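Topology and contacts: notes
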Amino acid sequence: MSSRPSRHREAGQWARAWPPLPARPLGRPAGEGRLGFPAAEEQSPRPGRSAPAQRWNPVGGFCEKLLPSDRWPWSDVSGLQHRPLDGVALPSLHWEWESDWYVDENFGGEPTEKGGWTYAIDFPATYTRDKKWNSCVRRRRWIRYRRYKSRDSWAKIPSKDDPKQLPDPFNDLSVGGWEITDEPVGRLSVWAVSLQGKVWYREDVSHPNPEGSSWSLMDTPAEAAQISCGPHDLLWVTLWEGQALVREGISRNNPKGSSWSVVEPPTSENGIMHVSVGVAVVWAITKDRKVWFRRGVNSHNPCGTSWIEMVGEMTMVNVGLNDQVWGISCDDRAMYFRQGVTPSELSGKTWKAIVAGRESDRSHSGSSLSLLSAGCFFGDEVRGSGESCAPSDTDASSDAERPGPDQPVPAESLDCPGDPKGSSASGPGTSRTTEHPAEVASPATQTPRPEPRPGPACTPAEVPWTNIDLKEPKKTPSHPLAGLPETTGLSSLEVLPLGLEEPYGADDHPLWAWVSGGGCAVEAHSVLKWFSVQLGLSPSVQTLSLSITPAQTAAWRKQVFQQLTERTKRELENFRHYEQAVEQSVWVKTGTLQWWCNWKPHKWVDVRVALEQFTGHDGARDSILFIYYVVHEEKKYIHVFLNEVTALVPVLNEAKHSFALYTPERTRQRWPVRLAAATEQDMNDWLALLSLSCCESRKVHGRPSPQAIWSITCKGDIFVSEPSPDLEDPAHPLPCDQMFWRQVGGHLRVVEANSRGVVWGIGYDHTAWVYTGGYGGGCFQGLASSSSNIYTQSDVKSVYIYENQRWNPVTGYTSRGLPTDRYMWSDATGLQECTKASTKPPSLQWSWVSDWSIDFSVPGGTDQEGWQYASDFPASYHGYKTMKDFVRRRCWARKCKLVTSGPWLEVAPIALGDVSIIPESPGASGNGHSVALWAVSDKGDVLCRLGVSELNPAGSSWLHVGTDQPFASISIGACYQVWAVARDGSAFYRGSVSPSQPAGDCWYHIPSPPKQRLKQVSVGQTAVYALDENGNLWYRQGVTPSYPQGSSWEHVSNNVRRVSVGPLDQVWVIANKVQGSHSLSRGTVCHRTGVQPHEPKGQGWDYGIGGGWDHISIRANATRAPRSASQETAGERSGEQGLPSGPAQVAGALQESLGPVCC
């Protein structure tokens, strides 16, 4: 690996500078999103003092006096252009600085002397890192990083127009060229046609620089009308006269090509009006709406040989991935797909209409979120950028139709809820990959929307078509669908219908005007289900899905319950005259709370609650929670058995002190019982009491076991669950919605554990904490808490508000805005008024620890007073004033501190960003070794903790492990495999880590998945999983004892926020979105099922508690299910054949091969 200078800044040592170059700084692998701007300068050896330039003087050595013929003190690499540090500007408003200037202390891959100086005899000359007797001048290079900040949003590209001429808007745009031979990953070719018929090319468009740098005018023999660029080297342009232009000579070294060739239209009477190209195909539409296919097109002959007329009349066609073709018909404006397109038959066989209704057509579209299983949004496609969802503190409820409180719930509604309102939106350059075939844009004119109704059967309905707003994309929530795996692509199909003045009827279809399938990958022989309302379900499948209805299931359950009740009465009839051996006692606590009602409109209603706790004949305690409410002057109630409760979760709500109560059924529905108290103290009292009652009902007491599963909510609350032996049973695993979670005192952001009882955590302020072995703390006192090992714990975070002002011609900027303006003191969105006096900490547990101060670190930069300027609210803000800036704002920050208690002790003095503890193999005793623990500091340094053991979980000291760039995530496997992810998204493997050599010897760079930036990695017994910034989960293939780095990444799923791999190679994740029968959850615990040695990626997902969960650690759970006789026989047979039958034998194989490296 190449070396990289440390990220620091030499204050005050100034000299000549190079301006930003396109080259990447040393040690930064390709494809990363941060750019390095090297600048070479000559410096004074005295820190803190700036000198314009330096030349050697026989009297005083290097000094500031220069010759009149010398170059600029600060310059580019040639020395001809004056470029001081403060004069290096960002390319556009969509960039921001990510770091300060610092000196590059490497020269030609080798470190220089302190200060980074290189010496020469004169300007310019050959520079060396060693100072010689004739070194009369010197210089050094400065580097600063910038980052493109406008991802996942629409960013206006700077205009190409000359201010001295009339504007020339664009008429057409085409993007391609990402598969040009030997083209660097992330490079794109962007071509455009203006209204004046000119062809333009956007320079330097790539993944790190999505907006490119400038427009280049391409000379054409005539005026162009439309353009199409393929993924390889095909580029066709249509002319107003009807001919087509073909660009020749496109290659990696010349992406703009070298010359134009003219292709005549198929007929002289009707010229070409539209063209679309793919990898090796060209389709065209002539002015008489005929469809033509170009024969003989390839990289060596981009012009092709002849035209072939195809059946049908179209207004436009579009070629997508794998040369698949979509079109809009001329007669009925319907959308068509070309069936039969294969590599051997590129022209296809026939056009087939796609059944596609709009989102507003609810009367006959069915339920867009009615899924056959639990309705999770996991998919097999690779998600592109722009799809990660913001964490949610609560379950996001849909507007699914729900019966009133006095109406029976229809059986169909249990599995087929109505459509939730909302639409999907995606920005330019984003890649939307859901498991449905298409994602489209609905008309701007919306038709009246009827109320959704439960469908008659649980069958997937057609995919809704939603509108994409170019100016305000964030106002439209994203609801991707899953469960329809007929496509696997990097984005989805997008279409645009014509605006309709009148709403169409039930039998009409939208009139489509444009379609693009450039991101929809369709395999050549895949069976598509786009051509019928039921998405192609065969009658047999439909009959199968309706063979046992929910109503029949409910009737069957009721019949069994009645039979059991009658049997119990008969058996106890002869024993009624006996006295009770144990007297049954009842204890009741009542109070007043608010309840989030089940019916529409959902709102908080005042209720009276009663907790009845009774002792049964067997001495066991159980409890029932009653909730009494009044609706339509009728008194009603619901009840919850606390022995069925799986979790009691505080909910982060600015207006309410609320908490959620989950049961297995309500977990599947994603609709918990939500209650709110008048004060935070009342909420804590009820939480402590209900939690203690739940633990007594389940006979769970004391500290968590060493193999407990730990998790954290987005509020910072810590939960543990005791694993059942059946949880990881490959044949019949325990559903994880039946896991019981209890809260442990404290406040953390990250937690990590192993089966020897060592548990570490990291707070929001990056403070490291170690578990002391207690339980309780916080709001859990008395019987719900241990009497020892409870300590005070604190955490700190900042609260932000904005001061807004508008310019007045008389007084300048003032706090009096227009009537339509945002509040002059507001939050970041401007929708809520937030003054210094009215802004409170997040809850009563938090208290202010500082005064309000100006935040100068906001994106976009600020001036000296902290102001950011823009043309209007809201807009893109920048840190300098221009003539067009009429509004400004500045950010004020104030720190608040939470003080609580829990079984945690602080580990000083280094602040951490991530931590990983080695998972113990099943049956391992530790072999006398200390527990391996690796961490990443908040600065990005890699650390190894020494002296960690069961008796001393905090360890003794830190050992620094050298890196050439800052890291973000780290994980150590059961056999001392250390994997890490750098902040630029690249992966690394640490070699030769063992108990005798805890820090290893060197880092090996591991290529990231194509076009993805990793952010987290987790290693189990043998499996390695990684998570990228777009929520895609990857599995590392080919990991063997002889080649522990593996061979390639294989995509497992999307929609993942966090991953944890345990000592049994079990995989648990936090999912972004999971759809239940009643609501949608964001931040849900999910378990990968079917993970076996011969199928390490597993088969599916089991959905557990959620939403609002943010972190999980499964790395302490090495509990195995007892093996059946058939499994033992299979294991013996596999052992006879020399194959490992389970993770333990796999670990043994690794241990035998790696020797001292393994545990």
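Everything here concerns the structure above.
Just so it is clear, the model here is predicted, and its values are computed rather than measured.

Rules behind the numbers
- Residues numbered from 1 in each chain as written.
- Predicted model: local features only at pLDDT ≥ 70, side-chain atom pairs only at ≥ 80, totals over all residues.
- Heavy atoms only, no water.
- Helix = DSSP H or I, 4+ residues; strand = E, 2+ residues; numbered from the N terminus.
- Buried < 20%, exposed > 50% of the residue type's maximum accessible area, 1.4 Å probe, protein only.
- Contact = heavy atoms within 4.5 Å.
- Areas by Shrake-Rupley, 256 points an atom, 1.4 Å probe, with all protein chains shown as cover.
- Expected span 1.5 Å × (residues − 1).
- Salt bridge = Lys/Arg side-chain N within 4 Å of Asp/Glu carboxyl O.
- Pairing = 2+ DSSP bridges.
- Axes fitted to C-alpha atoms, helices over the stretch in contact; angles between N-to-C directions.
- 1 Å grid on protein atoms, 1.4 Å probe; cavity = no way out; pocket = protein on both sides within 12 Å on 5 of 7 lines; lining within 4 Å.
- Points joined across faces, edges and corners; volume = space filled by probe spheres on them.
- Phe/Tyr/Trp six-rings, centres within 6.5 Å; stacked < 30°, edge-to-face > 60°.
- Lys NZ or Arg CZ within 6 Å of the ring centre and 35° of its normal.

Further remarks concern the overall build of the chain. When helices and strands are counted, the chain shows six helices and 64 strands. Residues classed as buried in the chain amount to 53% of the 1159 residues present. In the chain, once contacts between residues fewer than 6 apart in sequence are set aside, the share between residues at least 24 apart is 61%. Summed over all atoms, the accessible surface of the chain reaches about 52,100 Å², with 52% contributed by carbon and sulfur.

The end-to-end C-alpha separation of helix H4 (residues 680-698) is 27 Å, in line with the 27 Å expected for 19 residues at 1.5 Å each. The element H4 is largely enclosed, with a buried count of 14 among its 19 residues. Looking at the residues trailing H4, positive phi occurs at Lys-699, about 60°.

With that settled, the discussion passes to the pattern of salt bridges. Per the counting criterion, the structure on display carries 19 salt bridges. As a salt-bridge pair, Lys-256 and Glu-203 come within 2.8 Å of each other at their nearest N and O atoms. Of this pair, Lys-256 sits in the loop between strand S16 (244-248) and strand S17 (259-263) while Glu-203 sits in the loop between strand S12 (199-202) and strand S13 (215-218), and the two are 53 residues apart along the sequence. Connected through salt bridges with shared partners, the residues Glu-96, Glu-98 and Arg-147 form a single ionic network.

With respect to the element layout, Gly-212 can be found in the loop between S12 and S13. Residues Gly-212 and Ser-189, 23 residues apart in the sequence, show an inter-C-alpha distance of 9.9 Å.

Our next topic: the sheet that holds strand S55 (residues 1002-1006). The pairing of strands in a sheet comes from backbone hydrogen bonds and takes either a parallel or an antiparallel form. Strand order in this open sheet of four strands is S52-S53-S54-S55, and the pairing throughout is antiparallel. Edge positions in the sheet fall to strand S52 (967-972) and S55, since each has one partner strand and no second. Adjacent strand axes in the sheet meet at a mean angle of 25° when their direction is disregarded. Sheet topology places strand S53 (residues 978-982) next to strand S54 (residues 987-991); four bridges connect them, and they run antiparallel.

Bringing the environment of Thr-1040 into the picture now. Tracing the sequence through the fold places Thr-1040 in the loop between strand S58 (1033-1037) and strand S59 (1048-1053). Take Thr-1040: its relative accessible area is 30%, and that puts it in the partly exposed class.

Attention now goes to empty space enclosed by the protein. All told, the structure shown has 15 cavities of 30 Å³ or more when counted by the stated rule. Of the volumes computed, that of the second largest cavity is approximately 120 Å³. Lining the second largest cavity are 19 residues; nearest its centre among them are Glu-752, Val-915, Gln-1016, Val-1017 and Arg-1058. Taken together, the elements giving at least two residues each to the lining of the second largest cavity come down to strand S37 (750-753), strand S48 (912-917), S52, strand S56 (1014-1019), strand S60 (1056-1061) and strand S64 (1109-1113).

This part is about unusual backbone geometry. Cis geometry is adopted by the peptide bond preceding Pro-874, which originates at Phe-873 and carries an omega value of -20°. Position of Pro-874 among the secondary structure elements: in the loop between strand S45 (867-870) and strand S46 (887-902). Here the amide bond leading from Ala-908 into Pro-909 is cis, since omega sits at 0°, within 30 degrees of zero. Of note, Pro-909 is situated in the loop between strand S47 (904-907) and S48. Look at Arg-289: it is not a glycine, yet its phi comes out positive at around 70°. Along the polypeptide, Arg-289 turns up in the loop between strand S19 (282-286) and strand S20 (290-295). In the Ramachandran plot, Asp-1065 falls in the positive-phi region, its phi being about 65° despite a non-glycine side chain. Among the structural elements, Asp-1065 can be located in the loop between S60 and strand S61 (1067-1075).

With five of its six residues buried, strand S32 (residues 657-662) lies for the most part within the structure. As judged from the five bridges shared by S32 and strand S33 (residues 673-677), these two strands associate in the antiparallel manner. By the bridge assignment, Phe-659 is partnered in S33 with Leu-675.

Another aspect to go through is the packing of aromatic side chains. A full pass over the atoms with the stated rule returns 33 aromatic pairs. Ring pairing ties together the aromatic residues Trp-979, Tyr-989, Tyr-1004 and Trp-1049, which thus form one cluster. We note Arg-888 situated over the ring of Trp-867; from NZ or CZ to the ring centre the distance is 3.9 Å. A cation sits over an aromatic face here: Arg-945 above Trp-958, 4.7 Å from the ring centre.

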